[in-house]
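Single-letter residue listing:
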Amino acid sequence: MPDTRPLFPFYLAVAWTLLAIYGSLYPFSGWSDSGAGIGDFLVVGWPRYTTVFDLTANVAAYVPLGFLWVAALRPRLPSHLPLVAAVLGATLIGTSLSLVTETLQNFLPSRVPSNLDLACNALGSVLGALAGARWSQSLLDGGHLHALRTRFLLRGALADAGLLLLLLWLLTQFNPETLLFGNGGLRELIGLPAPLLYSAQAFTRIEAVVVAAHTLAATLLAGLLVRRAARLLPFALVLAALAGKSFAFMLLMDGRNGLAWATPGSLVGLAAGLLLWITAGRLPAAARRVTAALALLLATVLVNLAPDNPYLTHTYQAWDPGHFINFHGLTKLASTLWPFLALPWLFLFRTGRT
């Protein structure tokens, strides 16, 4: 008998857990033994420097984790176990995860383990788990969001994975270090210089092609998941991505110039990508998958060939991620990996739209 338990909450819970691990240990460099006792941070006094923002962020980061693990565990526990077992399980997962990552921060010179962070993460896990006990079933399995998802989006394990990819794509837009939709950059990761010298005209052309190709790929990917009743969802996805990018630039520039992404090259590319989507959206599903994959390959290659933009380089040199280091690490990881996660999905996904 096939397993009918919902997979999407489990996918989301695992994804959030992996992102929390990465964010807690970012930038993953300079590993060394500080000489301090591995558990000393558990018994030290109140930190000398702390802010309301730090406390709030550490609680808020683990609220979704607790919520999602309740949603994931609930249908997998034996029916005779009460809901409290899912709450306790989600709380234990969140608290244990925080304890492990805080302990590992002993070996990262850029990070400082903190018992206060651990306490805030544990509190966030508890609050999220309690919220999950109250609302997770109605939101994720049989409730309002579930009904909307069933009405407008295809179902199945691969469709769940595709929806997760779209959510991850929206997260990539909060990385202010990339140009509009400029995902897949590997040069910083492997320490390679830009292969092309900068010129304003050449950069504008490359930027336009990157934005057009990536817009086409993302909208076609979204279009593969939607039913006919939601044919405009890919366009709404692009609007949401632009809003996220604007917010990221406002954060970077202290509330100013949120439309810094709207360069001539990006605007031309955005318009071209949407026009191509309108045309290619009428192709059979197999042709749309191939087109999206080719567009994504082209965009990723050009991102890695594009010269460094001196304006953006100067801006980022003046930017200190500060309190946002965890979130900044998450968005960088998502931006780097997204094309390499989307390409296999495009080759695996098989379905028609109804």
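For clarity, every value in this text was computed on a predicted model and none was experimentally measured.

*Asks:* How do you make sense of the overall build of the chain when you look at a structure like this?
*Replies:* Within the chain, the secondary structure is distributed over 13 helices and zero strands. Element order for the chain, N to C, with α for helix and β for strand: α-α-α-α-α-α-α-α-α-α-α-α-α. Residue pairs in contact within the chain that sit at least 24 positions apart in sequence constitute 83% of those at least 6 positions apart. Total accessible area computed for the chain in this model is approximately 17800 Å², and 71% of it derives from carbon and sulfur atoms.

*Asks:* Before we go on, may I ask you to explain the nonpolar core in this structure?
*Replies:* As a rule of thumb, soluble globular proteins bury nonpolar side chains together. Among the nonpolar cores identified, the biggest contains 45 residues, and F181, L221, W338 and W345 are the most heavily contacted of them. Breaking this core down by element, the ones donating at least two residues are α6 (157–172), α8 (200–225), α9 (233–252), α10 (264–280), α11 (285–305) and α13 (325–348). Looking at this core element by element, the count peaks at 10 residues for α8. Counting residues in hydrophobic clusters, the runner-up holds 22 residues, among them A20, W69, V87 and L97.

*Asks:* Help me out: how do you make sense of the packing of aromatic side chains in this one?
*Replies:* For any two aromatic rings, the description comes down to two numbers: the centre-to-centre distance and the angle of the planes. Per the stated rule, a full pass over the model turns up five aromatic pairs. Ring geometry for F10 and W69: centres 6.1 Å apart, planes at 85 degrees, overall edge-to-face. In this pair, F10 sits in helix α1 (residues 8–25) while W69 sits in helix α2 (residues 52–73), placing the two residues 59 residues apart along the sequence. Classification of W69 by relative accessible area gives buried; the value is 11%. Measuring from centroid to centroid gives 5.1 Å for W169 and F181, while their planes differ by 45 degrees, and the two rings are tilted. Separated by 12 residues along the polypeptide, W169 in helix α6 and F181 in the loop between α6 and α7 (187–190) bring together distant segments of the chain.

*Asks:* Would you mind showing me how to read the UniProt feature "transmembrane region" (unreviewed entry) in the chain here?
*Replies:* Mapped onto the present numbering, the UniProt feature "transmembrane region" (unreviewed entry) falls at residues 7–29, 49–71, 152–171, 202–225, 232–253, 259–278, 290–307 and 327–349. Structurally, residues 152–171 comprises 80% helix and 0% strand, and the distance from its first C-alpha atom to its last is 22 Å. In this annotation, residues 290–307 is assigned 89% helix and 0% strand; the end-to-end C-alpha distance for the span is 28 Å.

*Asks:* I'm lost on α11 in this one. Help?
*Replies:* An α-helical segment advances 3.6 residues per turn. Residues three or four places apart therefore align on the same side. Taking 1.5 Å per residue as the helical rise, α11 with its 21 residues ought to reach 30 Å, and the 30 Å between its terminal C-alpha atoms agrees with that figure. Taken together, the buried positions of α11 are A285, R288, R289, A292, A293, A295, L296, A299, T300, L302, V303 and N304.

*Asks:* Please clarify how the environment of A202 should be interpreted in this entry.
*Replies:* Tracing the sequence through the fold places A202 in helix α8. Once the C-alpha coordinates of A202 and P307 are considered, the two residues, 105 residues apart in sequence, prove to be 8.8 Å apart.

*Asks:* Sorry if this is basic, but what is going on with α1 here?
*Replies:* Its 18 residues place the ends of α1 26 Å apart at the C-alpha level, agreeing with the 26 Å of an ideal helix rising 1.5 Å per residue. Within α1 the residues assigned to the buried category are F8, P9, L12, A13, T17, L19, A20, G23, S24 and L25.

*Asks:* Just checking my understanding: could you explain the packing of α8 against α10 for this structure?
*Replies:* When two helices pack together, their arrangement is captured by the angle between the axes and the distance separating the axes. At a minimum axis separation of 7 Å, α8 and α10 run at an interaxial angle of 35 degrees. The chirality of how α8 crosses α10 is right-handed. Mapping the contact onto sequence places T204, E207, A208, V211, A212, T215, L216, T219 and L220 in α8 and G265, S266, V268, G269, L270, A272, G273, L274, L276, W277 and A280 in α10. In terms of residue class, the contact of α8 with α10 is made up of 12 nonpolar, seven polar and one charged.

*Asks:* Whenever I open this one, the environment of L298 confuses me. Can you help?
*Replies:* Note that L298 resides in helix α11. For L298, a relative accessible area of 41% puts it in the partly exposed group. Taking C-alpha positions, L298 is 6.8 Å from A213, a pair spaced 85 residues apart along the chain. For L298, the residues in contact, after removing those within four places along its chain, are V209 and A213.

*Asks:* Is there a simple way to explain the packing of α6 against α8 in this structure?
*Replies:* At a minimum axis distance of 10 Å, the contact between α6 and α8 shows a crossing angle of 145 degrees. Between α6 and α8 lies a crossing of left-handed hand. Packed against α6, whose contacting residues are A159, G162, L163, L166 and W169, the element α8 presents H214, A218, L221, A222 and L225 at the interface. Counted by class, the contact of α6 with α8 contains eight nonpolar, two polar and no charged residues.

*Asks:* Help me out: how do you make sense of the side chain of H214 in this one?
*Replies:* Tracing the chain through its elements places H214 in helix α8. Residue contacts for H214: discarding those within four places in its chain leaves W169, F181, N183, L296, A299 and W338.

*Asks:* Would you take a moment to explain the environment of T56 for this structure?
*Replies:* By secondary structure assignment, the location of T56 is in helix α2. For T56, a relative accessible area of 47% corresponds to the partly exposed category. For T56 and C120, which are 64 residues apart along the polypeptide, the C-alpha to C-alpha distance reads 8.0 Å.

*Asks:* Where do I start with the side chain of E102 in this structure?
*Replies:* In this structure, E102 sits in helix α3 (residues 83–104). In this view, E102 contacts F41, V112, P113, S114, D117, L118 and N121; residues no more than four positions away in its chain are not counted.

Calculation notes
- Residues numbered from 1 in each chain as written.
- Predicted model: local features only at pLDDT ≥ 70, side-chain atom pairs only at ≥ 80, totals over all residues.
- Heavy atoms only, no water.
- Helix = DSSP H or I, 4+ residues; strand = E, 2+ residues; numbered from the N terminus.
- Contact = heavy atoms within 4.5 Å.
- Areas by Shrake-Rupley, 256 points an atom, 1.4 Å probe, with all protein chains shown as cover.
- Core = buried A, V, L, I, M, F, W, Y, C linked by side-chain atoms within 4.5 Å.
- Buried < 20%, exposed > 50% of the residue type's maximum accessible area, 1.4 Å probe, protein only.
- Phe/Tyr/Trp six-rings, centres within 6.5 Å; stacked < 30°, edge-to-face > 60°.
- UniProt positions renumbered as here; feature names shortened; annotations may be inferred.
- Expected span 1.5 Å × (residues − 1).
- Axes fitted to C-alpha atoms, helices over the stretch in contact; angles between N-to-C directions.
- Left-handed = near helix turned anticlockwise from the far one by under 90°.
- Nonpolar A, V, L, I, M, F, W, Y, C, P; charged D, E, K, R; others polar.

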